[in-house]
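A structural walkthrough
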Amino acid sequence: MDTNVQKRRENKKSLRVKVISLGNAEVGKSCIIKRYCEKRFVPKYLATIGIDYGVTKVQVRDREIKVNIFDMAGHPFFYEVRNEFYKDSQGVILVYDVGLRESFDALDSWLTEMKQEMGSQVNMENIIFIVCANKVPLVFKYLLCELWMRVRGDFGYVLTYNSFHLTTLFCFLKNDCSLFIMCPPPQAFFSSITDMCENGGKRPTPEVNVGFTKEQADTIRRIRNSKDSWDMLGVKPGATREEVNKAYRKLAVLLHPDKCVAPGSEDAFKSVVNARTSLLKNIK
Ligand code: GTP
Ligand code: MG
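This section reports on the structure supplied with the text. All values reported here derive from a predicted model rather than from experimental measurement. (Residues numbered from 1 in each chain as written. Chains lettered and ligands numbered in written order. Predicted model: local features only at pLDDT ≥ 70, side-chain atom pairs only at ≥ 80, totals over all residues. Heavy atoms only, no water.)

1. Some words on the coordination of the magnesium ion (ligand 2)
So the rule is basically this: Here the coordinating atoms are restricted to nitrogen, oxygen and sulfur within 2.8 Å of the metal centre, or 3.2 Å for Na, K and Ca, and because water is not among them the sites may look incomplete. Strands here mean DSSP runs of E at least two residues long; helices mean DSSP runs of H or I at least four residues long; both are numbered from the N terminus.
Protein coordination at the magnesium ion (ligand 2) comes from Ser30 (OG) and Thr48 (OG1), with a distance range of 2.0 Å. Residue Ser30 is located in helix α2 (residues 29-38), and its partner Thr48 is located in the loop between α2 and β2 (51-60); the two are separated by 18 residues in the primary sequence.

2. What to know about the pairing of strand β4 (residues 91-97)
Residues in a regular strand point their side chains to alternate faces of the sheet. To be explicit about the condition: Working definition: with a 1.4 Å probe on protein chains only, accessible area under 20% of the residue-type maximum means buried, over 50% means exposed, and in between means partly exposed.
The buried fraction of β4 amounts to seven of the seven residues, a majority that puts the element mostly inside the structure. Neither face of β4 is left uncovered, since the one carrying Gly91, Ile93, Val95 and Asp97 and the one carrying Val92, Leu94 and Tyr96 both have all their residues buried.

3. Some details on the packing of aromatic side chains
Defined as follows: Under the pairing criterion, centres of Phe, Tyr and Trp rings, with the six-membered ring standing for Trp, must be within 6.5 Å; the plane angle then separates stacked pairs below 30 degrees from edge-to-face pairs above 60, leaving the rest tilted.
Summed over all chains, the structure comprises four aromatic pairs. When the centroid spacing of 5.2 Å and the interplanar angle of 65° are considered together, the rings of Tyr53 and Phe70 count as edge-to-face. In this pair, Tyr53 sits in strand β2 while Phe70 sits in strand β3 (residues 63-72), placing the two residues 17 residues apart along the sequence. Since its relative accessible area comes to 18%, Phe70 is described here as buried. Judged by centre distance (5.2 Å) and plane angle (80°), the ring pair of Phe77 and Phe78 falls under edge-to-face. Overall, Phe77 belongs to the exposed group, its relative accessible area being 66%. Residue Phe78 is classed as buried on the basis of its relative accessible area of 13%. Among the aromatic residues, those joined into a cluster by ring pairs are Tyr53, Phe70 and Phe85.

Listed below in structure tokens is the structure:
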């Protein structure tokens, strides 16, 4: 085969991605990364000075993914060094120590630092996150992590793509280095990063056909929250019969139960009918 064609094919198949680790000092970031990239564990604490680097390869579908992991120092003292390395990250491993509540609470401030350093033009939705609950016995490690994910759910980017399950793959058993869980590669984490790269750096929109439009869902929500019949129909208080009927017809077409399968459409439709009836009673 033509060597150029072969090279082009190989280039298409291989991909380089940048992942960073974040979390307080001594939570175990470097250990996790060394364990993952070099298959070894370092029981002695050697604080990372500014930044450390790990590299590994994973296979996602037919592509070889070269993963460059930038292991950040957690100590505040090294802020000036690590702040240079946030840029262009595609994946983030957030680490906390389950025995240290403050390291868990600090996850938010790590996200804040990251957002600040990456700049407002960067869309955090297009970065894949996993949270690693470290230094915990297996039976407990789900709890806090899951809680945190739920609380942070409003961000949308945290641990969608089922990344939560990956956290367990990284964790070690407490105080017993000989009892390491044999970590399989956190496949879904890297698959998500690969999907994003293949989609031009944006998180692909899941192809879910929900059967109703955003306008229908928004209108149902608006009707539920309306303060009176005028508000429900979306007309000003004192509107004419024609205005009320026009608004009603529009909503009836949008929300008629025969046409709209959005949850709550039937109740919303009934409310709109009642609102129109009560308004028309009082308008000459
Ligand atoms: P900085 O580089 O200062 O930000 O710290 P770090 O988060 O990289 O911590 P590091 O990986 O160096 O680990 C800190 C200490 O925790 C070391 O003494 C490790 O041996 C220990 N450690 C890491 N993971 C585990 C674990 O799962 N269980 C236990 N018991 N100790 C761990
Ligand atoms: Mg370190």
